[in-house]
Amino acid sequence: MTPVKNLQLRTLLVLLVCAITFGTTSISARAALEPQVIGSIAGIVTDQNGAAVAGAEIALLTGQHLTIAHTQTGVDGRFSFTSLADGQYEIRVHHAGFAVQSRAVSLTNGPVADLAIELDVAPVSGRVTVSAETGQANDINNVAQAINVIPEEAIRQRTTGVLAQVADEEVGVSLQRTSPTIGAIFIRGLTGKNVSVYVDGVRYSTYAMRGGINTFFNLNEPTGLREVELLRGPNSAQYGSDSLGGTISLISRAPVYGSERPDIHGELNTGYTSADNSFGGNLLLNRGTRNWGAYLNVAARRVNRLRSANGLDGHAAVTRFLGLPSDVLGTHLPDTAFTQYGGTFHANYNTSENSQLVFHYLRSQQDGGKRYDQLMGGDGNLVSDLRNLMLDFGYLRYVRQGFGFFDHASFAGSFNSQREERVNQGGQGNPVGTITHQYERTSAFGFNFFLDKQIERHTFLIGGDVYRETVKAPAYTFNPVNGLSVLSRPRVPNGARYIAAGIYAQDGWQAIPNKLRIGGALRYNVASYQARSTDSPLVGGAPLWPNDSLRVDDFSGRVGFVWTPGYGVGISMNYARGFRSPSITDLGTLGLTGDGFEVDYSTAIGLGGTIGTTADAMAITTGLPVAQLESEVSNNFDAGVRITRRRWNASLTGFRIDLDHTLVKQALILPPGAVGRSLGGQPIISQSANGVVFVALSTAPVLVRANYTDAVITGMEATLDARINPQWSLGGNFTYLRAEDKANGRAPNIEGGTPPAQGFFRVRYDSPRGRWWVEGYTNLADRQNRLSTLDLSDRRTGGTRTRAQIANFFNRGARVLGLIGPGPDGIPGNADDRLLATNETVLQVQNRLLGTANSAPLFRYLPGYGLLNVRFGIQLGERSELGIDAENLNDKSYRGPSWGIDGPGRSLTVRYRYRF
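Residues numbered from 1 in each chain as written. Predicted model: local features only at pLDDT ≥ 70, side-chain atom pairs only at ≥ 80, totals over all residues. Heavy atoms only, no water.

K.L.:
Provide a residue-level description of the overall build of the protein chain, including the pertinent values.
P.N.:
Looking only at helices and strands, one finds eleven helices and 54 strands in the protein chain. The globule rule puts the C-alpha radius of gyration for 916 residues at 29 Å, and the 28 Å found for the protein chain is close to it. For the protein chain, with 916 residues in total, the buried portion stands at 60%. Nonlocal contacts in the protein chain, meaning residues at least 24 apart in sequence, comprise 69% of its contacts between residues at least 6 apart. As displayed, the protein chain has an accessible area near 32,800 Å², and 59% of this comes from carbon and sulfur atoms. Side-chain charges in the protein chain split into 84 positive and 78 negative, and the spacing between the mean points of these groups amounts to 1 Å. (Helix = DSSP H or I, 4+ residues; strand = E, 2+ residues; numbered from the N terminus. Rg over C-alpha atoms; globule rule 2.2 N^0.38 Å. Buried < 20%, exposed > 50% of the residue type's maximum accessible area, 1.4 Å probe, protein only. Contact = heavy atoms within 4.5 Å. Areas by Shrake-Rupley, 256 points an atom, 1.4 Å probe, with all protein chains shown as cover. Lys, Arg positive; Asp, Glu negative; His and termini not counted. Charge placed at Lys NZ, Arg CZ, Asp CG, Glu CD.)

Quick look at the structure:
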């Protein structure tokens, strides 16, 4: 460990020890051993005019987002809950015609008797977070971390195709969309491997997931979620490895129960979107009694070929390699259709007045998905299938109020199986090229627990988790010429095993009640990786991969405070140290990924590889040999101001993330004479004078991962929401990011790239009786000039093209598409063949696109854009509602960094919901 890392760790330890110890030393042993205090919560629900709301549904939830009681308001709008242990709770209120409202309530040695909740007809951002601190329900203004809480209604409005679309309209985050099926979320400029994903407090991310994307994120069904919480900034103290940029917490819907009589109710949702002619919906059935409740949610949707703005795709292979508009292949993008379906079963059972069992199981599948960016949307290949993406995810949790000395306890076991088969044929449309089949199934078994205790003004918690993963990954290569199949090197070693574990302590301290709250946590992480050559088949008398192993450990943590001097003003500061251990993908990947063809470090070492200075074809050797990878760490500093008034609220946050020993992708440099040598069954087809090598599966250079970069990301996040009067409201946000390599100030080669400055603005009108509403809104993005060498070579962003690649597509993929004809000699397949649309030879096309250069990116920047949208909703009765959303009315082309597909063009979405 370097002296700088030692200093950072010592500083973190001192801050946490001071914050926790200073308060706890004042607590006597007698207070710690006092019997559990039984408390109560009572309050009143009113509308915007102060009138009591009768018949409102009130749910009481714990900090583990578990429902423990239900009630309704009386004619006077009042409600109450009794026989409650000390702790943090959430009150959720729902009534037809109003948006769902939530409040965080803290019970400390006495009842809460005057809780006032005002219902609003307009949906607002969630106010309560259950993810910022384990086991706690807190108002977002009372925690030091920056958090987005996306409520159920917003999830339903935004996810017209896939779950990752929830990032739209949010501050500090943005959408990443590699293909129609595959997507993820940027948090503060980081995505993929740098953002961890949890479902109901159970780890969903695996250590086999790819670095710059999240293949299985969109298999989570949006209609099965109550909220999505996005923690901006590292929270590795709670969530362990991968939370360098932030954490996505998906919170499932809870069953409704607690009634003396068994009842059944539910809802039906349907929808249609014109941009891709998609349609589908879900049916949710809930049954509840006094002591148990369960629901079954089944959903399915069909997404057809997408029409992007003006029917054009700016990164299409025919544009990149031939200079033709993509609509020569039609105005709807080929290979963008897929089908998704699945179901969720969730059950809660009160085993006693103080304990509860929770069972959750999700089964989801995508069929027909393809990597459009590797087909006619980028490289021009003929085959790039994502076959049978399947998810089986479940957990069983036991929760108890009053567990010996502790107030609450939670124990959970989980299972997570993520399956896929990737089928690829390279060569830019070469119909006789070999086809690789790579099946992968990652199976993860996990266990996590926590115990908490509220003592005077402290809420102290200890917890831990362990996850064990194994990968089943057989692979073979099929030759379409002779019909033979041979075993080949899979993307990651078959039988690879990964174990990650950690234990942590957390404390929330009301240092000055209602004025100053201090929170912190410290975690010890350990991880180990193993791949064995005995799990490999023998090809040519030798195993396809060697023995490999790694063990790493480190500390991570956070400490911060919120000071509320008065007048609705809150000042926050937060420091967090993130940790990320090298994953199975980092250590073992050999094959095609979103950025190109990668080689694992052990193979690169065996070939005498060194690290290139960049990620493009112009790289030269740094002289640094490829080596086994080390852990990454991040240090995040936040400072913010939050203002909350009755009619408006605003926030301004500045942050800095220092990334140390960052894993980046650089070009692999090999000694001269590498052509013909094999990389995982793929022969090297060319090598530049600088030593950069290429294989047929990708147009980009062969890449290798290395701890090569120290980087810094700085940024600013601002929000404003205001209600002008009972009918009119407005809101918006702005996010600015800048990423730099500390060595040279340029954009770092971090997977996914860096989103540009982005903004969102809305104006809404609600009818006087709340029966209908209309909202105009716009999504804005600045031009992104700062593209790294990895971005420029990435087919999804810069789209670099060389003379050889233009010739390959001209003679292969374009010929298969019927775009090439014979020249004056009438004989196809020679140098005078012509591009039919322009009557050019391949040499003329090369000169038109590249001039005298040998290579150049298609784009050197991402253009800015502004989208005009309007949506409308109407209550058709007490049980049904209709929503209409007209998006991108100006039919503007737009695309984010590492997007493998342009955004939808002008589109109309119609949604219908019926509750029963």
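From this point, the narrative continues.
K.L.:
Account for the packing of aromatic side chains, naming residues and giving values.
P.N.:
On inspection of all chains with the given rule, the structure shows 20 aromatic pairs. On the numbers, 5.6 Å between centres and 40° between planes, the contact of Phe-321 with Phe-809 is tilted. Of this pair, Phe-321 sits in helix α5 (residues 317-322) while Phe-809 sits in helix α9 (residues 803-811), and the two are 488 residues apart along the sequence. By relative accessible area, which is 0% here, Phe-809 ends up buried. Where Trp-728 meets Tyr-765, the ring centres are 5.0 Å apart and the plane angle is 55°; that geometry is what we call tilted. Separated by 37 residues along the polypeptide, Trp-728 in strand β45 (residues 728-741) and Tyr-765 in strand β46 (residues 758-766) bring together distant segments of the chain. Overall, the relative accessible area of 40% leaves Trp-728 in the partly exposed class. (Phe/Tyr/Trp six-rings, centres within 6.5 Å; stacked < 30°, edge-to-face > 60°.)

K.L.:
Please set out the packing of α9 against helix α11 (residues 842-850) residue by residue, giving values where relevant.
P.N.:
Running from N to C, α9 and α11 point in directions that differ by 135°, and their axes come no closer than 10 Å. The angle between the axes of α9 and α11 places the two elements in the oblique class. For the element pair α9 and α11, the recorded crossing hand is right-handed. Only Val-842, Leu-843, Val-845, Gln-846, Asn-847, Leu-849 and Leu-850 of α11 make contact with α9, whose side of the interface consists of Arg-803, Ile-806, Ala-807 and Phe-810. The residue makeup of the contact of α9 with α11, split by class, is eight nonpolar, two polar and one charged. (Axes fitted to C-alpha atoms, helices over the stretch in contact; angles between N-to-C directions. Parallel < 35°, antiparallel > 145°, perpendicular 65-115°, else oblique. Left-handed = near helix turned anticlockwise from the far one by under 90°. Nonpolar A, V, L, I, M, F, W, Y, C, P; charged D, E, K, R; others polar.)

K.L.:
So, the sheet that holds strand β42 (residues 682-687): which residues are in play, and what are the values?
P.N.:
The strand order across the open sheet formed by three strands is β41-β42-β43, and the pairing between neighbours is antiparallel. Looking at the sheet topology across the chains shown, the edges are occupied by β41 (678-679) and β43 (693-695). As judged from the three bridges shared by β42 and β43, these two strands associate in the antiparallel manner. What sits directly across from Ile-684, in β43, is Val-695. (Pairing = 2+ DSSP bridges.)

K.L.:
I'd love a proper account of the pattern of salt bridges, names of residues and values included.
P.N.:
Should the charged atoms of two oppositely charged side chains come close, the side chains can pair. With the rule as written, the count across this model stands at 64 salt bridges. A salt bridge links Asp-242 to Arg-580, with the nearest nitrogen and oxygen atoms 3.4 Å apart. Taken as a pair, Asp-242 in the loop between α4 (236-239) and β16 (246-252) and Arg-580 in strand β34 (residues 569-580) lie far apart in primary sequence, 338 residues in all. Per residue, the accessibility class of Asp-242 equals that of Arg-580, and both read buried. Ionic pairing is found between Arg-764 and Asp-766, a salt bridge with its closest N-O pair at 3.0 Å. (Salt bridge = Lys/Arg side-chain N within 4 Å of Asp/Glu carboxyl O.)

K.L.:
Can you tell me about the side chain of Thr-589, naming the residues and giving the values?
P.N.:
Relative to the helices and strands, Thr-589 resides in the loop between α6 (584-588) and β35 (591-593). Given a relative accessible area of 2%, Thr-589 falls into the buried group. Looking at Thr-589, its side chain comes within polar contact range of the side chain of Arg-491, at 3.3 Å. Looking at Thr-589, its side chain comes within polar contact range of the main-chain oxygen of Thr-585, at 2.6 Å. Setting aside anything within four residues of it in sequence, one finds Thr-589 in contact with Arg-491, Val-492, Ile-584, Glu-598, Val-599, Asp-600 and Arg-705. (Polar contact = N/O pair within 3.5 Å; in protein donor to acceptor, adjacent residues only side chain to side chain.)

K.L.:
Describe in detail the sheet that holds strand β13 (residues 195-199), supporting the description with residues and values.
P.N.:
The mixed open sheet is built from five strands, whose spatial order is β10-β15-β16-β13-β14. Where the open sheet ends on each side, the last strands, each with one partner, are β10 (146-151) and β14 (202-203). Examined bridge by bridge, β13 and β16 share five bridges and lie parallel to one another. Each bridged residue has a counterpart across the sheet, and for Ser-196 the counterpart in β16 is Thr-247.

K.L.:
If you had to explain the side chain of Arg-232 to someone new, which residues and values would you point to?
P.N.:
Inspection of the secondary structure assignment puts Arg-232 in strand β15 (residues 225-232). When neighbours within four sequence positions are excluded, Arg-232 is seen to be in contact with Ala-146, Ile-147, Asn-148, Val-171, Gly-172, Val-173, Ile-187, Arg-188, Gly-245 and Glu-717.

K.L.:
An account of the pairing of strand β25 (residues 435-455) is needed here, citing residue identities and associated values.
P.N.:
A large share of β25 lies buried, amounting to 16 of its 21 residues. Pairing analysis gives 18 bridges linking strand β24 (residues 406-425) to β25, with the strands arranged antiparallel. Within β25, the residue paired with Asn-416 across the bridge is Ala-444. Sheet topology note: the β25/strand β26 (residues 458-472) ladder contains 15 bridges and is antiparallel.

K.L.:
So what about α11? Which residues, and what values?
P.N.:
What α11 keeps buried is the set Val-842, Val-845, Gln-846, Leu-849 and Leu-850. All buried residues of α11 project into a common sector of 100° when viewed along the axis, lining one side. Residues of α11 that are buried make contact with α5, β48 (800-802), α9, β50 (834-835) and β51 (855-857). At the exit of α11 stands Gly-851, carrying a positive phi of roughly 65°. (Arc of directions from axis to C-beta.)

K.L.:
So what about the environment of Gly-343? Which residues, and what values?
P.N.:
Here Gly-343 is to be found in strand β20 (residues 338-349). Note: C-alpha distance between Gly-343 and Ala-299 (44 residues apart in sequence) is 6.1 Å. When sequence neighbours within four positions are dropped, the list of residues in contact with Gly-343 reads Asn-297, Val-298, Tyr-361, Leu-362 and Arg-363.

K.L.:
Which residues make up the pairing of strand β36 (residues 596-599), and what are the values?
P.N.:
In this structure, β35 lies alongside β36, joined through three bridges in antiparallel fashion. Bridge pairing in β36 links Leu-592 to Phe-597. Remark: two residues form the turn of the hairpin made by β35 and β36, two consecutive strands paired antiparallel.

K.L.:
An account of the nonpolar core is requested, with residue identities and associated values reported.
P.N.:
One recurring pattern in soluble globular proteins is that nonpolar side chains are buried together. Residues Ile-185, Tyr-204, Phe-217, Val-228, Ile-248 and Leu-250 are the most contacted members of the largest nonpolar core, which totals 48 residues. A per-element tally of this core places strand β23 (residues 383-403) first, with six residues. Ile-185 has contacts with Ala-164, Val-166, Ala-167, Val-173, Ser-174, Leu-190, Thr-191, Val-195, Phe-217, Leu-230 and Ile-248, leaving out every residue within four places of it along the chain. Ala-473, Phe-597, Ala-604 and Leu-668 belong to the second largest nonpolar core, which has 38 residues in total. (Core = buried A, V, L, I, M, F, W, Y, C linked by side-chain atoms within 4.5 Å.)

K.L.:
Quick one: what's the story with the confidence of the model for the protein chain, residue by residue and with numbers?
P.N.:
Predicted coordinates in areas of low pLDDT are best not read in detail. Across the protein chain, the average pLDDT comes to 90, with 95% of residues at 70 or higher. The low-confidence segment residues 1-37 (pLDDT under 50) makes 52 contacts with residues lying over four places distant or belonging to another chain. (pLDDT = per-residue confidence, 0-100.)

K.L.:
Report on α9, specifying residues and quantitative values.
P.N.:
All buried positions along α9 are accounted for by Arg-803, Gln-805, Ile-806, Ala-807, Phe-809 and Phe-810. Packing partners of the buried residues in α9 comprise α5, β48, α10 (813-816), β49 (820-821), β50 and α11.

K.L.:
For the environment of Asn-350, give the residues involved together with the corresponding values.
P.N.:
On the secondary structure map, Asn-350 appears in the loop between β20 and β21 (355-367). A sequence separation of 266 residues divides Asn-350 from Asp-616, and the C-alpha atoms of the two residues are 59 Å apart.

K.L.:
Describe the environment of Thr-46, naming the residues involved and giving the relevant values.
P.N.:
Relative to the helices and strands, Thr-46 resides in strand β1 (residues 38-46). For Thr-46, a relative accessible area of 16% corresponds to the buried category. Residue contacts for Thr-46: discarding those within four places in its chain leaves Ala-51, Ala-52, Val-53, Ile-117, Glu-118 and Leu-119.

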